[in-house]
Amino acid sequence: MSSSNSNSTEFRRKWDRDEYESLAQQRLRAEREAAQAQNQKVAPVKRELLRQRDYKVDIDSKLGKSQVITKTTPASQSGGYYCNVCDCVVKDSINFLDHINGKKHQRNLGMSMRVERSSLDQVKKRFDINKKKLEEKKKDYDIEQRMQELKEEEEKLKEYRREKRKERKRKADSSIDEDVGGGMDPEMAKVMGFSGFSSSKK
């Protein structure tokens, strides 16, 4: 019976403690290395500060044009606005402008959404540039104003010449009337109101 008892306890599985101890140590080591790797800060990607666009956004070149689009048409030629930086198509101009001014597009360009802080010298330079622009605009305005004045003078001169022509025509017409009224009886002319005209014939 003792032999059967000893055999009856043999069915239990025996664990190799050394093997599992080594496996546990390996797992702990791996977890520690992963935690250390996570704790080591990854050097942040240095992005450029946000700057003004130096090109004009083309949103009206396809305006009013029709195009046949098939299944094989590439995305850049399909309907809508294609962004080659992000490789996406936006359906209308408002959303396209929102996209190119948005975070995703700017990050793909390598820019952060932060704006450079201007120094005092940069502000002074900007004031000088704006002052020069205003002066140039004023000169252009002076030239435009002078041109306008010249046009007005020309118009006045033309109007003066027209008046002179009309006056000459009136004088010529009145001399013809005098010639016509000259053959009338002076009494009759007086009654009709032509008394102020003098006749050349006597």
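Note that the structure is a prediction, hence the values are computed from the model and not measured.

What counts and what doesn't
Residues numbered from 1 in each chain as written. Predicted model: local features only at pLDDT ≥ 70, side-chain atom pairs only at ≥ 80, totals over all residues. Heavy atoms only, no water. Helix = DSSP H or I, 4+ residues; strand = E, 2+ residues; numbered from the N terminus. Contact = heavy atoms within 4.5 Å. Buried < 20%, exposed > 50% of the residue type's maximum accessible area, 1.4 Å probe, protein only. Patch = residues over 30% accessible without salt bridge, like charges linked within 9 Å, V, L, I, M, F, W, Y side chains within 5 Å. Areas by Shrake-Rupley, 256 points an atom, 1.4 Å probe, with all protein chains shown as cover. Salt bridge = Lys/Arg side-chain N within 4 Å of Asp/Glu carboxyl O. Lys, Arg positive; Asp, Glu negative; His and termini not counted. Charge placed at Lys NZ, Arg CZ, Asp CG, Glu CD.

J.: What's the story with the environment of Ala-75 in this structure? I'm lost.
T.: Of note, Ala-75 is situated in the loop between strand E1 (48–50) and strand E2 (81–83). Along the backbone, Ala-75 and Cys-88 are 13 residues apart, and their C-alpha atoms lie at a distance of 7.6 Å. Contacts of Ala-75, omitting those with residues within four sequence positions, involve Tyr-82 and Val-89.

J.: Explain unusual backbone geometry here, please?
T.: Negative phi is the rule for most residues except glycine; trans is the rule for most peptide bonds. Positioned with a positive phi, Asp-87 is a non-glycine residue whose angle comes to about 55°. Position of Asp-87 among the secondary structure elements: in the loop between E2 and strand E3 (88–90). With relative accessibility at 55%, the residue Asp-87 sits in the exposed group.

J.: Sorry if this is basic, but what is going on with a positive patch on the surface here?
T.: A cluster of basic residues, Arg-161, Lys-164, Arg-165, Arg-168 and Lys-171, forms a positive patch at the surface. With respect to the secondary-structure elements, Lys-164 resides in helix H5 (residues 120–181). In this structure Lys-164 comes out as partly exposed when scored by relative accessible area, which is 34%.

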